[in-house]
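The lines below spell out each chain.
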Amino acid sequence: MEREAYLQLMRRTDAAAAGFLALITRLERDGHIKTAKAPALSAVLLPELMAYSCALQRRQGRVAEEVLDLILPLLVAGESTEQIRGGILRRMEDFDKEESLPGAYLGLCRFDAMAQAYQGAFYSRMRTDNPGCLTEHYLALLEALWRLGGGSIKEEILLDAEEELRSKQKESLL
């Protein structure tokens, strides 16, 4: 990908990730999204998504650590970078097992099932616009991270992963 297109995609992805996390953080703060134990969904969503994307890239034959170096600036800058990087690399090992899916995504599936019921009545009661399924935003970020990591959106590994994630999304919405 040419340099300017890469930088533009990185800026858009960064903005989308920030907006997505802001929405999830608001839903957590208002008590609509809860986790059984720490950490909060908003704290693990992006690192876990990066770990999942890097694990998929590794299956494609890329060096996962190099991919992580490309996409990590979207998440963090400063002193905690190495600690977060290490956590992402450890979490990647869980995704090396092809049947393992991101827990944050599965949590979003459950939330979407509730929030989208009855034509999105949840958002109507909140007096806010329905952003659609949050899992769709997650999948868009996965695709962006895949491209930023050097992948093509037509690669079979990504398409298979998206299909598997979409099947979980459909199961939860039934």
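In this report, the structure presented in the accompanying data block is examined.

The next point concerns the environment of Arg 26. Here Arg 26 is to be found in helix 1 (residues 3-29). Sequence spacing of Arg 26 and Leu 70 is 44 residues, and the spatial spacing of their C-alpha atoms is 29 Å. Setting aside anything within four residues of it in sequence, one finds Arg 26 in contact with Met 126 and Thr 128.

Our next topic: the packing of helix 2 (residues 41-59) against helix 5 (residues 103-115). Packing of helix 2 against helix 5 brings their axes to within 8 Å, and their N-to-C directions diverge by 125 degrees. As far as their axial angle goes, helix 5 and helix 2 are oblique. Contacts between helix 2 and helix 5 involve Leu 41, Val 44, Leu 45 and Glu 48 on the former and, on the latter, Gly 103, Ala 104, Tyr 105 and Leu 108. Classifying every residue of the contact of helix 2 with helix 5 by side-chain character gives six nonpolar, one polar and one charged.

Along the polypeptide, Ser 100 turns up in the loop between helix 4 (81-95) and helix 5. The exposure class of Ser 100 is buried, given its relative accessible area of 18%. Among the polar contacts listed, one links the side chain of Ser 100 to the backbone oxygen of Asp 94, at a separation of 3.3 Å.

A few words now on the packing of helix 3 (residues 64-71) against helix 4. Two elements in contact, helix 3 and helix 4, have axes whose closest approach is 11 Å; the angle formed by their N-to-C orientations is 135 degrees. As summarised for this structure, helix 3 and helix 4 are arranged oblique, according to the angle between their axes. Here helix 3 and helix 4 pass one another in a crossing that is right-handed. Note on element contacts: helix 4 touches helix 3 through Arg 85, Ile 88, Leu 89 and Met 92, opposite Ala 64, Glu 65, Leu 68 and Asp 69. When grouped by side-chain class, the residues that make up the contact of helix 3 with helix 4 number five nonpolar, no polar and three charged.

Moving on: the packing of aromatic side chains. Inspection of the entire model under this criterion finds four aromatic pairs. With a centroid separation of 5.2 Å and an interplanar angle of 75 degrees, the aromatic rings of Tyr 52 and Phe 95 are classed as edge-to-face. A residue pair is termed long-range when its members are at least 10 positions apart, and Tyr 52 in helix 2 and Phe 95 in helix 4 qualify at 43 residues. The pair formed by Tyr 52 and Phe 95 is uniform in burial state, with each residue classed as buried.

On to helix 2. The first and last C-alpha atoms of helix 2 sit 26 Å apart over 19 residues, in line with the 27 Å expected at 1.5 Å per residue. Count one or two residues on from helix 2 and you reach Gly 61, which has phi positive near 105 degrees.

Taken as a whole, this structure holds nine salt bridges when the rule is applied. Across the salt bridge formed by Arg 91 and Glu 48, the nearest N and O atoms sit 2.5 Å from each other. In this pair, Arg 91 sits in helix 4 while Glu 48 sits in helix 2, placing the two residues 43 residues apart along the sequence. Assessed through its relative accessible area of 7%, Glu 48 is described here as buried. Where Arg 62 meets Glu 155, a salt bridge forms, and the shortest distance between an N and an O atom there is 2.7 Å. One end of the pair, Arg 62, is in the loop between helix 2 and helix 3; the other, Glu 155, is in the loop between helix 7 (134-148) and helix 8 (156-173), and 93 residues separate them in sequence.

The rules behind the values
- Residues numbered from 1 in each chain as written.
- Predicted model: local features only at pLDDT ≥ 70, side-chain atom pairs only at ≥ 80, totals over all residues.
- Heavy atoms only, no water.
- Helix = DSSP H or I, 4+ residues; strand = E, 2+ residues; numbered from the N terminus.
- Contact = heavy atoms within 4.5 Å.
- Axes fitted to C-alpha atoms, helices over the stretch in contact; angles between N-to-C directions.
- Parallel < 35°, antiparallel > 145°, perpendicular 65-115°, else oblique.
- Nonpolar A, V, L, I, M, F, W, Y, C, P; charged D, E, K, R; others polar.
- Buried < 20%, exposed > 50% of the residue type's maximum accessible area, 1.4 Å probe, protein only.
- Polar contact = N/O pair within 3.5 Å; in protein donor to acceptor, adjacent residues only side chain to side chain.
- Left-handed = near helix turned anticlockwise from the far one by under 90°.
- Phe/Tyr/Trp six-rings, centres within 6.5 Å; stacked < 30°, edge-to-face > 60°.
- Expected span 1.5 Å × (residues − 1).
- Salt bridge = Lys/Arg side-chain N within 4 Å of Asp/Glu carboxyl O.

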